[in-house]
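Analysis of the macromolecular model
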Amino acid sequence: MEQHRSLQELMAVRREKLEVLRRMRVEVFGGRYEVDGSVGEVVNGFEVGRVVRVAGRVTAHRDMGKSHFLDLWDFSGRVQVYVNEKEVERRLLEVLRLVDIGDFLGVCGEFFLTKTGERTIRVKEMEFLTKAMRPLPDKWHGVVDVEKRTRQRYLDLIANERSREIFEKRIRIVRLVRRFLEERGFVEVETPMLQIVAGGAAATPFRTHHNALDVDLYLRIAPELYLKRLLVGGMTKIFELNRNFRNEGISRRHNPEFTMLEAYWAFADFEKMSELVEEMICTVAEEVCGGLRIEHRSEDGEVKRVINLERPWRRAKYRDLVEEAVPGWFDLTVEERRQKALGMGLDLTHCQEDYEVTQHVFEKLVEEKIVDPVFVTHCPKELIPLAKLNKADPSTIEVYELIANGQEISPGYSELNDPDLQRKRFEEQSGGEKQKLDEDFLVALEYGMPPAGGMGLGIDRLVMMLTGAETIRDVIFFPHLRPEGQ
RNA sequence: GGGUUGAUAGCUCAAUCGGUAGAGCAGUGCCCUUUUAAGGCAUUGGUUCUGGGUUCGAGUCCCAGUCAACCCA
């Protein structure tokens, strides 16, 4: 990469300017600079004649000979600054000649309106704050290359407005989710990321080792079993919003580390949790998207999908949805179901059990086709060992699976708190395999965990739904890519 | 893991049948006192992802590899 001569030449030009600036005793990589706020804040406080101090990256330089217009930019916005040769000291002009696009400047001056009505700062003083040694991407086309946009996210953020908007929304969504729960009396807690037994979900964990204790540890695949211990400990409304890790494939919807909200509410049940999540998502959507009709647009601005979040959201039984997609499905024998699924072109190589075949049909023919949110209830008990059985139909469990935008967004359970039944369900799930049980968790249950509702919410997927991002890597600052080989 | 497609200047993209690798922006020099994708004139810049092969000649064809995207598992 460093061998490209033309890049080296561009960098050499900047390095030379750096040397000239140093000879002029300019502190090129400056320090503290008092500003009146971010660029966006300062420009929003516009008032003709007001003297302001602001700092930012130079993203454009329109040189008119005796007058110059520069754009100063940061994540919050851009502001135009104006330098008139007659109005400033010669030294400032000498420094200005050495400013490249990409450099950081601090300026002080008075606000005025240009002929075309643009709010502009008439520069009196200017301070060099940082020189960019490398050229920035094209000011108009930005960075398009997907690989570059993720490996060098900072360039993507500088160059691409759409990307900035998505991450701005993500930041607001996370803040609003926290605020929503806190306003309802939930407290945020932190539980181990390094776990002796990776429990709370069925997934392959990342493995690591603690040297001092000489024990193998796993990065958590879910915080569930620790949060429940806190219910045992007397906490009644808790949540954790942080990263989970799963050592599995990377896809449009999967990143090895992803952000998950889990909340537990003592003496509630899955239905109460479904109402909570429904209200939470609507509250967030109204604030972030300005309404409950979420429009997903393609690059050229065309609406390609609308998600309607108007309440109440549909609630439907798992069995009915499968039956809707494949009439007569449950009248077939186990073998007939397998044949039928194969006949529909589904790959069943990873489906051993009958319920897995049905689940595969559910994922492909129901889940992926759902756009507006649906709470799927009465799921088969084999899918989730941590939820209470349905009293009226013990082959199903007291859960909801919230599906929207073609993917699972949030599960919620009436949490199983019978320690003997919990042990049995764990053992059934491991299916004879020597999967380790979290015995400490079972001990905690034996001390008594209050009945409770619990829910999870995939934050990355929520952000995808509310921003219309097509892939998870567009909503994670630094998604995982294979390192570039050398 | 399998299939398909892609990788050309700092960035965004061209290059017809295998025949001198080009443009815009950025950069450099000059002109210009309200521009905003500023403008005008001139100009620099290339290991065409890497390594082999075919050929008089390869960005283009073949083989292997790297990375990525999409689809499938």
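Right above here is the structure, for reference.
As the structure is a prediction and not an experimental result, all values here were calculated from the model. (Residues numbered from 1 in each chain as written. Chains lettered and ligands numbered in written order. Predicted model: local features only at pLDDT ≥ 70, side-chain atom pairs only at ≥ 80, totals over all residues. Heavy atoms only, no water.)

As for the overall build of chain A
- When helices and strands are counted, chain A shows 14 helices and 18 strands.
- Counting only C-alpha atoms and orienting by the principal axes, one finds that chain A spans roughly 85 × 55 × 50 Å.
- Relative to its full complement of 486 residues, chain A shows a buried share of 48%.
- Excluding contacts between residues fewer than 6 apart, the proportion of contacts in chain A whose partners are at least 24 apart in sequence is 64%.
- With the model as given, the accessible surface of chain A reaches about 25,600 Å², and the carbon-plus-sulfur share is 49%.
- With 73 positive and 85 negative side-chain charges, chain A shows a separation of 6 Å between the mean positions of the two kinds. (Helix = DSSP H or I, 4+ residues; strand = E, 2+ residues; numbered from the N terminus. Buried < 20%, exposed > 50% of the residue type's maximum accessible area, 1.4 Å probe, protein only. Contact = heavy atoms within 4.5 Å. Areas by Shrake-Rupley, 256 points an atom, 1.4 Å probe, with all protein chains shown as cover. Lys, Arg positive; Asp, Glu negative; His and termini not counted. Charge placed at Lys NZ, Arg CZ, Asp CG, Glu CD.)

Structural notes on the sheet that holds strand β10 (residues 237-245)
- If you walk across this open sheet you meet the eight strands as β6-β10-β11-β18-β17-β16-β15-β14, and the pairing is mixed. The open sheet terminates on both sides in strands that have one partner only, identified here as β6 (187-188) and β14 (314-317).
- Of the pairings in the sheet, the one linking strand β15 (residues 374-377) to strand β16 (residues 399-404) comprises four bridges and is antiparallel in character. In the strand pairing of β16, Val374 is matched with Ile403.
- Against the sheet, helix α6 (residues 161-183) contacts β6, β10 and β11 (257-266), and its axis sits at roughly 150° relative to β10.
- Strands β14 and β15 of the sheet are contacted by helix α9 (residues 318-325), whose axis makes an angle of about 85° with β14. (Pairing = 2+ DSSP bridges. Axes fitted to C-alpha atoms, helices over the stretch in contact; angles between N-to-C directions.)

Some points on the packing of helix α8 (residues 270-289) against helix α14 (residues 459-467)
- As a packed pair, α8 and α14 sit with axes 11 Å apart at the nearest point and diverge in direction by 45°. In terms of orientation, α8 and α14 fall into the oblique class. Along this stretch, α8 crosses α14, giving a crossing that reads as right-handed. Of α14, the residues touching α8 (which contributes Ile281, Val284, Ala285 and Cys289) are Leu462, Met465 and Leu466. (Parallel < 35°, antiparallel > 145°, perpendicular 65-115°, else oblique. Left-handed = near helix turned anticlockwise from the far one by under 90°.)

Quick notes on a nonpolar patch on the surface
- Together, Ile171, Phe477 and Phe478 give the surface a local cluster of nonpolar side chains, amounting to about 300 Å² of exposed area.
- Relative to the helices and strands, Phe478 is located in the segment after α14. (Patch = residues over 30% accessible without salt bridge, like charges linked within 9 Å, V, L, I, M, F, W, Y side chains within 5 Å. Salt bridge = Lys/Arg side-chain N within 4 Å of Asp/Glu carboxyl O.)

Details of the environment of Leu230
- Within the secondary structure layout, Leu230 lies in helix α7 (residues 224-232).
- Taking the relative accessible area as the measure of exposure, Leu230 reaches 26% and is therefore partly exposed.
- Taking C-alpha positions, Leu230 is 8.9 Å from Met449, a pair spaced 219 residues apart along the chain.
- For Leu230, the residues in contact, after removing those within four places along its chain, are Val189, Thr191, Met235 and Ile238.

Overview of the pairing of strand β1 (residues 51-63)
- Bridging between β1 and strand β4 (residues 104-113) involves seven bridges; their strand directions are antiparallel. Looking at the pairing, Val51 lines up with Glu110 of β4.
- Here six bridges tie β1 to strand β2 (residues 67-74), and the two strands are oriented antiparallel to one another. Across the sheet, the residue bridging to Ala60 is Asp71, located in β2.
- In sequence, β1 turns back onto β2 through a hairpin of three residues, with Gly65 there showing a positive phi of about 95°.

Observations concerning the sheet that holds β2
- If you walk around this closed barrel you meet the five strands as β1-β2-β3-β5-β4, and the pairing is mixed. The mean inter-strand angle of the sheet, taken between neighbouring strand axes irrespective of direction, is 55°.
- Taken together, the eight bridges between β2 and strand β3 (residues 77-84) define a ladder with antiparallel strand orientation. Following the sheet pairing, Leu72 is matched in β3 by Val79.

Observations concerning the pairing of strand β8 (residues 207-210)
- Relative to strand β9 (residues 215-219), β8 is paired through four bridges, and the arrangement is antiparallel. Each bridged residue has a counterpart across the sheet, and for His210 the counterpart in β9 is Val215.
- From the end of β8 to the start of β9, which pair antiparallel, there are four residues, and Asp214 there has a positive phi angle of about 50°.

Structural notes on unusual backbone geometry
- Cis geometry is found at the peptide bond from Arg311 to Pro312, where omega equals 0°.
- Position of Pro312 among the secondary structure elements: in the loop between β13 (303-308) and β14.
- You will see that Phe267, though not glycine, has its phi angle at about 70°, which is positive.
- With respect to the helices, strands and loops of the structure, Phe267 is situated in the loop between β11 and α8.
- Its identity is not glycine, yet His378 carries a phi of approximately 55°, on the positive side.
- Looking at His378, the relative accessible area reads 26%, which means it is partly exposed.

What to know about helix α13 (residues 439-447)
- Taken as a whole, α13 has its buried residues at Phe441, Leu442, Ala444 and Leu445. Along the long axis of α13, the arc covered by the buried residues comes to 155°, so they all point the same way. Residues Asp440, Glu446 and Tyr447 are exposed on α13 and point more than 90 degrees away from its buried face. (Arc of directions from axis to C-beta.)

A word on the protein's contact with RNA strand B
- The immediate surroundings of RNA strand B are formed by 49 residues, with Ser6, Thr116, Lys139, Glu147 and Asp347 found nearest.
- A share of 64% is what sugar and phosphate atoms reach among the atoms of RNA strand B within 4 Å of the protein.
- The separation between a sugar or linking oxygen of RNA strand B and a polar side-chain atom of Arg151 is 3.0 Å.
- Between Arg482 and RNA strand B, the recorded distance is 2.7 Å, taken from a backbone N or O atom to a phosphate oxygen.
- Secondary structure elements with two or more residues in the surface near RNA strand B: α1 (5-23), β1, β2, β3 and α4 (146-151). (Near = heavy atom within 4 Å. Polar contact = N/O pair within 3.5 Å; in protein donor to acceptor, adjacent residues only side chain to side chain.)

Honestly, that's just the spatial picture; any functional story needs more than this.
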